[in-house]
Number of protein chains: 2
Amino acid sequence: MLGSGNRPPLTSTPCNNIGFLQKNNSLDDKSRIVSSLKERQSSNLLGCENSERECRFRRTETDFSNLFARDLLPAKNGEEQTMQFLLEVVDILLNYVKKTFDRSTKVLDFHHPHQLLEGMEGFNLELSDQPESLEQILVDCRDSLKYGVRTGHPRFFNQLSSGLDIIGLAGEWLTSTANTNMFTYEIAPVFVLMEQLTLKKMREMIGWPGGDGDGIFSPGGAISNMYSVMAARYKYFPEVKTKGMAAAPKLLLFTSEHSHYSIKKAGAALGFGTENVILLKSDERGRVIPADLEAKILDAKQKGHVPMFVNATAGTTVYGAFDPIQEIADICEKYNLWLHVDAAWGGGLLMSRKHRHKLNGIERANSVTWNPHKMMGVLLQCSAILVREKGILQGCNQMCAGYLFQQDKQYDISYDTGDKAIQCGRHVDIFKFWLMWKAKGTIGFEQQINKCLELSEYLYTKIKNRDGYQMVFDGEASHHWLADPPFL
Amino acid sequence: MLGSGNRPPLTSTPCNNIGFLQKNNSLDDKSRIVSSLKERQSSNLLGCENSERECRFRRTETDFSNLFARDLLPAKNGEEQTMQFLLEVVDILLNYVKKTFDRSTKVLDFHHPHQLLEGMEGFNLELSDQPESLEQILVDCRDSLKYGVRTGHPRFFNQLSSGLDIIGLAGEWLTSTANTNMFTYEIAPVFVLMEQLTLKKMREMIGWPGGDGDGIFSPGGAISNMYSVMAARYKYFPEVKTKGMAAAPKLLLFTSEHSHYSIKKAGAALGFGTENVILLKSDERGRVIPADLEAKILDAKQKGHVPMFVNATAGTTVYGAFDPIQEIADICEKYNLWLHVDAAWGGGLLMSRKHRHKLNGIERANSVTWNPHKMMGVLLQCSAILVREKGILQGCNQMCAGYLFQQDKQYDISYDTGDKAIQCGRHVDIFKFWLMWKAKGTIGFEQQINKCLELSEYLYTKIKNRDGYQMVFDGEASHHWLADPPFL
């Protein structure tokens, strides 16, 4: 077992500051726990490292039974221990949150895989047959946060500019505590309704009349983009669902050479083939050239192939470019193609009256990918696929599993979302976003986004005027890295 | 706006117990916050409901600026407020956890969608332009937990028998606080290594020599099953990746009539067509009949079709049946078909020396779906797809996006998992599971699972001997509902 050779022998040295988890501990109310939490908070966490390291290697006979008491709550003592343990965890998390806001700790050292596998300062990743003590689990939590996240990454540049969103964090803590699922109304009534209301607001922001249409939250932009291709295929060739791709002619998907690779992934996965994902030329700023789209459509038609789907990107991954949606929409209408807008990154700009013009024409799209977990700072994962026409997602994906989606429920079964999804169980991604929207209001998001773009402009000027730097193209980028990491 | 008509007018009645978030509050250290947390914990939460309801409608001038102070930490005051707010949230969560363990509150009333949309006791789901106060946000959190989760659902039967796993909960809180992503080693070094080590352990439990092979965590069993079909297709017809399904003959997938509907969904999505997902007959206990598989393979071959993939289920959704994997594996070997075992539900039994025989033959599978978020009680979402042959996931899904997966990194790039996935960004699903395994050890999981199956046996006897009940089939079920909800 890697790393285990590096562990010092187990000792039974008592560790005063987290010794309360032992079985012989006779605490009978929470006040002492809370005082202990307070004491530890007021002392410097980093200063405790030595004694923590001692605890790391301690394992007592009692821990094992404690673990099972915990599993089999509500044994009276078990509940007490549970609360104590969770308060310890909270202590670790709050300290981490504090550190997140400390700019001086932003960039951590890089550790090679072998260093971590060999056990950094006793942090042992290996799993074993025997349980670890709860003390050790707390140390694992601390170490995981310490080594687990490379704060030099763009996701942290984002937090540097706008802060780890505390409301979103609270929402995610709540979601994991609720530990429920999204496939039917009855299993998560409030979250299903939140999703519905929020998707409607998003469709209103897109500009679809009355916020009508459909949509669902998915586990990321790549999957959302995949949904869009599936929806398009179902719209034009519904028989593919039952008969497979053999029932359709050679179908083509069009997307910019600067677009995200998930369109190509969808082409491979869904049986189109990557060769049938046609890459379009872009101008020097990374925006697709509409004339190239039309030329390639005509060329394909001449060969007897069937152009079906066009993806326009609102905020490309590297340049932050916005494809000219209006002109692309004109071509899609002319040739009756499905228009998808991948606004995974740039969708957040729809919240800003000042910047939403960059997505002009998005209201003409048949479907839109929009990841609140990017530009809007919602915690990962939070991605929406929005579809203008109702019923397509359902038609495309429903399998009518009798054990879940009974037709004779005591409520309007259109609230059951499971048959729209390619998933069955679905994580509750909506709550944190809904809660942030509640807390900021639409105008709060608008201000946040305007601020991000101001920072981007500032950075642009700084770099432009700096010796030894040369701009990739003239003029400002439409979008910017600092606002959010461009990963789907 | 729905529901807003029902809201009482805003008042400025002060609310002592959560009034500390006001701007004119001059707290300067954490001790008072913690004491306040303590006081509120020692009083009965439910007893506070009236005053909470008062707060619900209070909105002060100061809240708005507070919100933005929070967004732009580390303003001195902002940090203080952040900690206070998070402590409040923790208070709500701890109270919820306590209630989760109280059997008398297990089943909540059912509320129709229109009741919730109209605003239950002032709980307003609508989003608006203006921000809400932080006090209101806390009330929203409380209400979301109160109405958000139907505790009558099987997921709660599970928690009733084995308790909401507190270690897993702590892991999930930590994951959301870290708020990172899984696509490359450099962005989440520790979590990437944890995933690798844990998948290896899972492959060892399956019985693949040396734990060799590949795998990845996905957003649920349906997606894991989809991966298995993609991997099989890539193995036998790699040209489909580039040329699409047109490059392959008519390919058939085989699965039991009792299997999960996600196999059919995969057939539809990936371009096989649901008609080419052939359903196999089951015996009276829901286990697939191997002779029917062989007959259908021969029939298909005679028609010139190409049988490619067989799914055997280890723990079916409704009956909890285990397909006879050995006999199915014999047939797969005979005809050179890919064998997938959907052990989403039953995979947990591999941890139990007493019960793992139900999955005998699983070591002969080419791929396995195993959801720790089911039988093993890990919080949603946590699902693994495991593949015996190395390189297939990568070959199948890689698009070599230059902006992420550079070939000249300063570490072994085989640690970058992004190109194995159909996703780009990927939620950290591993940590909670790894932490639970650390805390329980393999033998802890074994005990937990044995206990679940004992409970199931007990329930079986109870029902069997109860007047007015009739068993669907004679003999005990191989598996049981109480252990975990059978949803993917």
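Residues numbered from 1 in each chain as written. Chains lettered and ligands numbered in written order. Predicted model: local features only at pLDDT ≥ 70, side-chain atom pairs only at ≥ 80, totals over all residues. Heavy atoms only, no water.

### Considering the interface of chain A and chain B
- Counting residues at the interface gives 153 residues for chain A and 153 residues for chain B.
- Between chain A and chain B the total buried area reaches about 14,000 Å² when both faces are included, carbon and sulfur atoms providing 68% of it.
- Between aspartate 419 of chain B and lysine 265 of chain A there is a salt bridge, and its shortest N-O distance comes to 4.0 Å.
- For the side of chain A that touches chain B, the class distribution of residues is 85 nonpolar, 41 polar and 27 charged. (Contact = heavy atoms within 4.5 Å. Buried area = accessible area lost by both parts, 1.4 Å probe. Salt bridge = Lys/Arg side-chain N within 4 Å of Asp/Glu carboxyl O. Nonpolar A, V, L, I, M, F, W, Y, C, P; charged D, E, K, R; others polar.)

### Thoughts on the UniProt feature "modified residue: N6-(pyridoxal phosphate)lysine" (unreviewed entry) in chain A
- According to UniProt, the feature "modified residue: N6-(pyridoxal phosphate)lysine" (unreviewed entry) maps to Lys374 of chain A in the numbering used here.
- Here lysine 374 of chain A lies in the loop between β6 (367-370) and β7 (383-387). (UniProt positions renumbered as here; feature names shortened; annotations may be inferred. Helix = DSSP H or I, 4+ residues; strand = E, 2+ residues; numbered from the N terminus.)

### So, the side chain of histidine 355 of chain A
Residue and element names in this part refer to chain A.
- Tracing the backbone through its elements, the reader meets histidine 355 in the loop between β5 (338-342) and β6.
- Note on histidine 355: relative accessible area 10%, which makes it buried.
- The contact partners of histidine 355, leaving out residues within four places of it in the chain, are Leu349, Asn450 and Leu453. (Buried < 20%, exposed > 50% of the residue type's maximum accessible area, 1.4 Å probe, protein only.)

### Looking at the pattern of salt bridges
- This model, assessed by the stated rule, comprises 38 salt bridges over all chains.
- The partner of lysine 235 of chain A in a salt bridge is glutamate 389 of chain A, and the shortest N-O contact between them spans 2.8 Å. A residue pair is termed long-range when its members are at least 10 positions apart, and lysine 235 of chain A in helix α10 (residues 221-236) and glutamate 389 of chain A in the loop between β7 and α15 (392-397) qualify at 154 residues.
- Judged by relative accessible area, which is 39%, lysine 235 of chain A ranks as partly exposed.
- For glutamate 389 of chain A, a relative accessible area of 37% translates into the label partly exposed.
- Across the pair lysine 296 of chain B and aspartate 292 of chain B runs a salt bridge whose closest N-O atoms are separated by 2.9 Å. Here aspartate 292 of chain B and lysine 296 of chain B lie together in helix α13 (residues 290-302), a separation of 4 residues that amounts to about one turn.

### Let's talk about the relation of the copies chain A and chain B
- When chain A is fitted to chain B, the residual RMSD is 0.0 Å, and the transformation amounts to a turn of 180 degrees plus an axial shift of 0.0 Å. Taken together, the rotation and translation relating the two chain copies correspond to the operation of a two-fold axis. Closest to the rotation axis within chain A is the C-alpha of leucine 270 of chain A, separated from it by 2.0 Å.
- Taken as a fraction of all interface residues of chain A, those also at the interface in chain B reach 100%, which identifies the copy contact as same-surface. (Least-squares fit on C-alpha atoms with pLDDT ≥ 70 in both.)

### Notes on the domain arrangement of chain A
- The domains assigned to chain A are domain 1 (69-156) and domain 2 (181-400 + 412-436).
- A C-alpha centroid distance of 37 Å is found between domain 1 of chain A and domain 2 of chain A. (Domains from an automatic or database assignment.)

### What to know about the sheet that holds β7 of chain A
All names here are of chain A.
- On the basis of which strands lie adjacent, the open sheet formed by 7 strands has the order β1-β7-β6-β5-β4-β2-β3 and mixed pairing. Because the sheet does not close on itself, it has two edges, and the strands there are β1 (214-218) and β3 (277-280). Ignoring which end each strand starts from, the neighbouring axes of this sheet average 20 degrees apart.
- Each of β1, β6 and β7 touches helix α9 (residues 189-206); the most contacted strand, β1, lies at about 115 degrees to it.
- Relative to β3, helix α12 (residues 262-269) is tilted by about 160 degrees, and along the sheet it contacts β2 (251-256), β3 and β4 (306-313). (Pairing = 2+ DSSP bridges. Axes fitted to C-alpha atoms, helices over the stretch in contact; angles between N-to-C directions.)

### Topic: the pairing of β5 of chain A
Residue and element names in this part refer to chain A.
- The buried count for β5 comes to 5 of 5 residues, which makes it a mostly enclosed element.
- Burial along β5 is two-sided: the residues Trp338, His340 and Asp342 and Leu339 and Val341 are all buried.
- Here 5 bridges tie β4 to β5, and the two strands are oriented parallel to one another. Opposite asparagine 311, over in β5, you have histidine 340 as the bridge partner.
- Handedness of the crossover joining β4 and β5 through helix α14 (residues 325-335) is recorded here as right-handed.
- Taken together, the 3 bridges between β5 and β6 define a ladder with parallel strand orientation. (Right-handed = clockwise from strand over helix to strand, strands pointing away.)

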